Amino acid sequence: MTGVGSYLPKNKYSNDDLTKFVDTSDEWVTKRSGIKFRHFVSKNETTSDMAVNAALNAIKNAYIKKELIDLIIVATTTPDNTFPATATLVQKKLGINAPSFDVQAVCAGFVFALSVAKSLMKDNHFSNCLVIGADSMSKILDWNDRTTSVLFGDGAGAVVLQKFENIDEKLNDWGILSNVIHSDGNLYDLLKTNGGVSNNQSSGFIEMSGKEVFKHAIDKLSSSLEEALSLSNKVINQLDFLVPHQANQRIILAVADKLKINSKKVISTVKDHGNTSAASIPLALDHAISDKKIKNGNLLGFQAIGGGLSWGSSIIRIGKPHN
Ligand code: UT7
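Presented here is a report on the structure given in the accompanying data block. (Residues numbered from 1 in each chain as written. Predicted model: local features only at pLDDT ≥ 70, side-chain atom pairs only at ≥ 80, totals over all residues. Heavy atoms only, no water.)

Before going further, it helps to examine the overall build of the protein chain. Each helix and strand in the protein chain was counted, giving 11 helices and 13 strands. What you see for the protein chain is a C-alpha radius of gyration of 18 Å, in line with the 20 Å of a compact globule of 323 residues. Burial status across the protein chain gives 57% buried among its 323 residues. Contacts in the protein chain between residues at least 24 apart in sequence constitute 75% of all its contacts with a sequence separation of at least 6. Within the protein chain, one finds 35 positive and 32 negative side-chain charges whose respective centroids are separated by 5 Å. (Helix = DSSP H or I, 4+ residues; strand = E, 2+ residues; numbered from the N terminus. Rg over C-alpha atoms; globule rule 2.2 N^0.38 Å. Buried < 20%, exposed > 50% of the residue type's maximum accessible area, 1.4 Å probe, protein only. Contact = heavy atoms within 4.5 Å. Lys, Arg positive; Asp, Glu negative; His and termini not counted. Charge placed at Lys NZ, Arg CZ, Asp CG, Glu CD.)

With mixed pairing, 5 strands are arranged side by side in an open sheet as S1-S7-S6-S4-S5. The open sheet has two edge strands with one neighbour each: strand S1 (3-7) and strand S5 (100-103). Within the sheet, the average angular offset between the axes of one strand and its neighbour, ignoring direction, is 15°. The pairing of strand S6 (residues 128-136) with strand S7 (residues 154-162) spans 9 bridges and is classified as antiparallel. Bridge pairing in S7 places Asp-135 opposite Gly-155. In the packing of helix H3 (residues 47-62) onto the sheet, contacts are made with S1, S6 and S7, and the angle to S1 comes to roughly 150°. Here helix H5 (residues 109-122) sits on the sheet and contacts strand S4 (71-75), S5, S6 and S7; the angle it forms with S6, its principal contact strand, is near 165°. (Pairing = 2+ DSSP bridges. Axes fitted to C-alpha atoms, helices over the stretch in contact; angles between N-to-C directions.)

A few words on the pattern of salt bridges. Applying the stated criterion across every chain, the model contains 9 salt bridges. With a shortest N-O distance of 3.5 Å, Asp-17 and Lys-20 are connected by a salt bridge. Across the pair Lys-36 and Asp-26 runs a salt bridge whose closest N-O atoms are separated by 3.1 Å. Highlighted residues: Lys-36 in the loop between helix H2 (26-33) and strand S3 (37-40) and Asp-26 in helix H2, separated in sequence by 10 residues. (Salt bridge = Lys/Arg side-chain N within 4 Å of Asp/Glu carboxyl O.)

Right, let's get into the sheet that holds strand S13 (residues 310-317). With respect to topology, 4 strands assemble into an open sheet ordered S8-S13-S12-S11, the strand pairing being mixed. The open sheet has two edge strands, strand S8 (175-183) and strand S11 (241-244), and neither has a second partner. In this sheet, neighbouring strand axes are inclined to one another by 15° on average, regardless of whether the strands run parallel or antiparallel. Strand direction decides the pairing type here: S11 and strand S12 (residues 299-306), joined by 4 bridges, are parallel. Note that in S12 the partner of Phe-241 across the bridge is Leu-300.

What follows is about the site of the ligand. Around the ligand, 22 residues are found, and the nearest of them are Thr-24, Arg-32, Lys-211, Asn-248 and Asn-275. At 2.7 Å, a side-chain N or O of Asn-248 approaches an oxygen atom of the ligand. Taking Asn-275, its side chain carries an N or O atom lying 2.7 Å from an oxygen atom of the ligand. Contact with the protein chains covers 75% of the free accessible surface of the ligand, which is 960 Å². Counting only elements with at least two residues in the shell around the ligand, the list comes to H2, helix H6 (146-149), helix H8 (210-231) and helix H9 (249-259). Ranked by the residues each element gives to the shell around the ligand, the list is headed by H8, at 4 residues. Of the residues in the shell around the ligand, the class split is 11 nonpolar, 6 polar and 5 charged. In this structure, the shell around the ligand is formed jointly by two domains, domain 1 (3-162) and domain 2 (175-317), each of which donates at least three residues. (Near = heavy atom within 4 Å. Polar contact = N/O pair within 3.5 Å; in protein donor to acceptor, adjacent residues only side chain to side chain. Areas by Shrake-Rupley, 256 points an atom, 1.4 Å probe, with all protein chains shown as cover. Nonpolar A, V, L, I, M, F, W, Y, C, P; charged D, E, K, R; others polar. Domains from an automatic or database assignment.)

Right, let's talk about the packing of H3 against helix H4 (residues 86-94) for a bit. Between H3 and H4, whose axes approach to 9 Å, the crossing angle comes to 55°. In terms of orientation, H3 and H4 fall into the oblique class. With respect to the hand of their crossing, H3 and H4 are arranged in right-handed fashion. Between H3 and H4, the contacting residues are Thr-47, Ser-48, Asp-49, Ala-51, Val-52, Ala-55 and Leu-56 on the first element and Thr-86, Leu-89, Val-90, Lys-93 and Leu-94 on the second. Classifying every residue of the contact of H3 with H4 gives 7 nonpolar, 3 polar and 2 charged. (Parallel < 35°, antiparallel > 145°, perpendicular 65-115°, else oblique. Left-handed = near helix turned anticlockwise from the far one by under 90°.)

The next point concerns the environment of Ser-198. Following the sequence through the fold, Ser-198 ends up in helix H7 (residues 197-200). Spatially, the C-alpha atom of Ser-198 lies 32 Å from that of Val-159, the residues being 39 residues apart in sequence.

With that settled, consider the layout of surface pockets. Of the pockets and cavities examined, the largest pocket occupies roughly 1,000 Å³. Listing elements by their share of the lining of the largest pocket, those giving two or more residues are S5, strand S9 (191-193) and H7. A per-class count over the lining of the largest pocket returns 13 nonpolar, 19 polar and 4 charged. Counting the residues that make up the lining of the largest pocket, at least three belong to each of domain 1 (3-162) and domain 2 (175-317). (1 Å grid on protein atoms, 1.4 Å probe; cavity = no way out; pocket = protein on both sides within 12 Å on 5 of 7 lines; lining within 4 Å. Points joined across faces, edges and corners; volume = space filled by probe spheres on them.)

Have a look at this one:
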């Protein structure tokens with residue numbers, strides 16, 4: 001993972017701003033979720049626009065020519081159009097010649113996309129892959145539902161994955177060391193939109209059984225991270241940082257407590273942008289790199305959960321092996 005970038009739309013809303021059109025308060029949102037701000041796309045700004053901005057930053061930070069990219073995967077739940085894949089628009093806007101497709105696993109989308117990318121790279125099909133998480137959640141928020149509308153925001157994050165010839169033993173402990181992904185469709189109704197193309201020809205709005213998702217999140221985020229650690233022969237104390245899905249500060253803290261990881265090692269940016277779904281991990285990662293917390297060679301844990309329910313974790317040694 002040699003380059004990371006992100007993008008947040010210009011329009012930033014505080015909790016107080018939301019009180020103008022939702023029956024809520026800064027106190028409630030802060031106490032229940034830790035969220036203070038979220039960004040929303042402007043009327044003509046789309047998921048692919050955000051994805052392209054994040055991708056350009058990631059490519060710049062990887063110090064590679066964009067022409068080297070040979071695969072583009074976009075994790076999104078809020079595509080520009082129902083079809084084709086948003087990734088093909090990103091490809092066009094970036095001017096890159098590479099197969100491009102979307103992965104849809106809602107808030108867990110980025111971890112799922114990493115897993116797909118790693119497998120395709122391992123099979124020697126691709127060498128320089130762009131994985132993007134991008135979502136315009138504001139487009140599917142029901143402003144009459146105060147229990148969900150105050151929690152989400154828009155944004156994008158991207159990473160460049162590069163394959164290196166394994167001439168150095170160091171590389172065995174570098175890059176994406178393990179991935180685990182899970183889904184339980186029995187929990188489909190806990191977090192979903194109330195519409196869909198083949199259901200009622202609409203995109204629908206988000207509905208969530210918050211309390212139940214909350215409980216599943218703590219269990220499943222913890223267990224999947226433990227699984228990923230075990231697959232990579234690592235233990236929690238070896239992680240330099242945990243970069244969790246940014247949905248709720250209370251979930252982030254409860255999982256950190258359950259995993260017995262020092263809270264100083266847990267990246268939290270949820271306060272500044274709310275739940276940005278598939279964008280959340282690469283966005284938090286980019287902010288932590290910009291803040292000079294996460295550095296080249298650090299061992300990281302990623303973990304995410306969302307509608308499906310779908311969830312997963314990854315263990316990654318980030319950066320360039322030969323700096
Ligand atoms: O990305 C996928 C993962 N998603 C998540 O991780 C979200 C998981 N769930 C959560 O984060 C939390 O369950 C919420 C933040 C959604 C809700 O927190 P909670 O502590 O479970 O609150 P609640 O739903 O039980 O609501 C408590 C009270 C209710 O009032 P009463 O019935 O106790 O009088 C709600 O009507 O808070 C009220 N309420 C609000 N009040 C002000 C609900 N939403 C709001 C609001 N502003 N926006």
